[in-house]
Amino acid sequence: MRIDVVTIFPEYLAALDLSLIGKARRDGLLDLRVRDLREHATDRHRTVDDTPYGGGAGMVMKPEPWGAALSAVSASAAPSGRRPLLIVPSPAGAVFDQAMARELAEREHLVFACGRYEGIDERVLEWAAEDFEVRPVSLGDYVLNGGEVAVLAMVEAVGRLVPGVVGNPESLVEESHSDGLLEYPVYTKPASWQGREVPEVLLGGNHGKVARFRRNEQLRRTAARRPDLILALDPSTLNRHDRDT
Ligand code: ADE
């Protein structure tokens, strides 16, 4: 998978050299390129922002550097059938979730345009639709100072779904949100710690009972912490035992 990130703070993305995503880059599974928007500014001060038309607080990102940066990304894209997906992190976007992560993991080429200040001149998004499929995406209903932190989260969530990035693909199956429920609690040795015992059923080696215990914990936890997820469940994914829980 190819990923381009355009930002005025390339150093923010240094964390993508670490851990599983860093290894995936070194292994050639992720071709991740970070570009400095200021390299596409044309004045001596490498200006990327200006005052908003119509007035108001803050500054707006100028269209020209974005036009040049996105043209450079387009020019270096593989000449494949599908347009790259241009993701614009913004609190005004559709909310990112595991279903979206799965969808993005199927794409060949993702481009992230990190806005700062009050955002990017709207005409950039309209113009970019000629070469990209453009999608504003929000990490959640709160406001960050810019798109970089959202990109770190999205690249990690998407990158780990790319085949080969997570060594044991089984670990992707039983985690939160894979089946619409939160994950079950986990324990390791010692069996007794600070007077607290690991649930007896996990020590017994009865796989059927362990599976039932874990499923019950998933249902209980989800109902307590995220009742919205229980309401959104497809009833056909529940079995007879689930209904008794
Ligand atoms: N930029 C600022 N706030 C954001 C958010 N909530 N999600 C994505 N990008 C953002």
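The numbers attached to residues start from 1 for each chain and follow its sequence in the written order. Predicted model: local features are reported for residues with pLDDT of at least 70 only, side-chain atom pairs are reported and counted for 80 or more only, and whole-chain, interface and lining totals are derived from all residues.

### Section: the UniProt feature "domain: tRNA methyltransferase TRMD/TRM10-type" (unreviewed entry) in the chain
Those places that UniProt annotates as "domain: tRNA methyltransferase TRMD/TRM10-type" (unreviewed entry) correspond, in this numbering, to residues 1-230. A run of DSSP states H or I qualifies as a helix once it reaches four residues; a run of E qualifies as a strand once it reaches two. Both are numbered from the N-terminal end. Secondary structure content for residues 1-230 is 31% helix and 18% strand, while the C-alpha to C-alpha distance between its ends is 33 Å. UniProt positions are given in the numbering used here, feature names are shortened, and annotations may be inferred rather than shown by experiment.

### Some points on the site of the ligand
Working rule for contacts: place C-beta from the backbone, and if it is within 6 Å of a molecule or strand, that residue counts as near it. The ligand sits among Pro 89, Ser 90, Pro 91, Ser 138, Leu 139, Gly 140, Tyr 142, Val 143, Leu 144, Gly 146, Gly 147 and Ala 150. The element contributing the most residues to the shell around the ligand is strand 5 (residues 85-95), with three residues. Residues are grouped as follows: Ala, Val, Leu, Ile, Met, Phe, Trp, Tyr, Cys and Pro are nonpolar; Asp, Glu, Lys and Arg are charged; every other residue, Gly included, is polar. Taken together, the residues that form the shell around the ligand break down as seven nonpolar, five polar and no charged.

### A short note on the sheet that holds strand 1 (residues 2-7)
Whether two strands pair depends on DSSP finding at least two bridges between them. What the five strands build is an open sheet, ordered 2-1-6-5-7; its pairing is parallel. Edge positions in the open sheet fall to strand 2 (31-36) and strand 7 (133-138), since each of these has one partner strand only. Within the sheet, the average angular offset between the axes of one strand and its neighbour, ignoring direction, is 30°. Sheet topology places strand 1 next to strand 6 (residues 109-113); five bridges connect them, and they run parallel. Note on strand 6: the bridge partner recorded for Val 5 is Phe 112. Contacts from helix 5 (residues 148-159) reach strand 1, strand 5 and strand 6 within the one sheet, and its direction differs from that of strand 1 by about 170°. Axis definition: a line fitted to C-alpha atoms, over the contacting stretch in the case of helices. Angles run 0 to 180 degrees between N-to-C directions. C-beta atoms are first placed from the backbone for all residues, and any pair lying within 7 Å is then listed as a contact.

### Quick word on the nonpolar core
In this structure, Val 111, Phe 112 and Ala 113 are the most contacted members of the largest nonpolar core, which totals 42 residues. The element contributing the most residues to this core is helix 5, with five residues. Excluding residues that lie within four positions of it along the chain, Val 111 makes contacts with Asp 4, Val 73, Pro 84, Leu 85, Leu 86, Ile 87 and Phe 132. Put simply, a nonpolar core is a cluster of buried Ala, Val, Leu, Ile, Met, Phe, Trp, Tyr and Cys residues tied together by C-beta atoms within 7 Å. Exposure classes come from backbone-placed C-beta atoms, where a residue is buried if 20 or more other C-beta atoms lie within 10 Å of its own, exposed if 12 or fewer do, and partly exposed in between.

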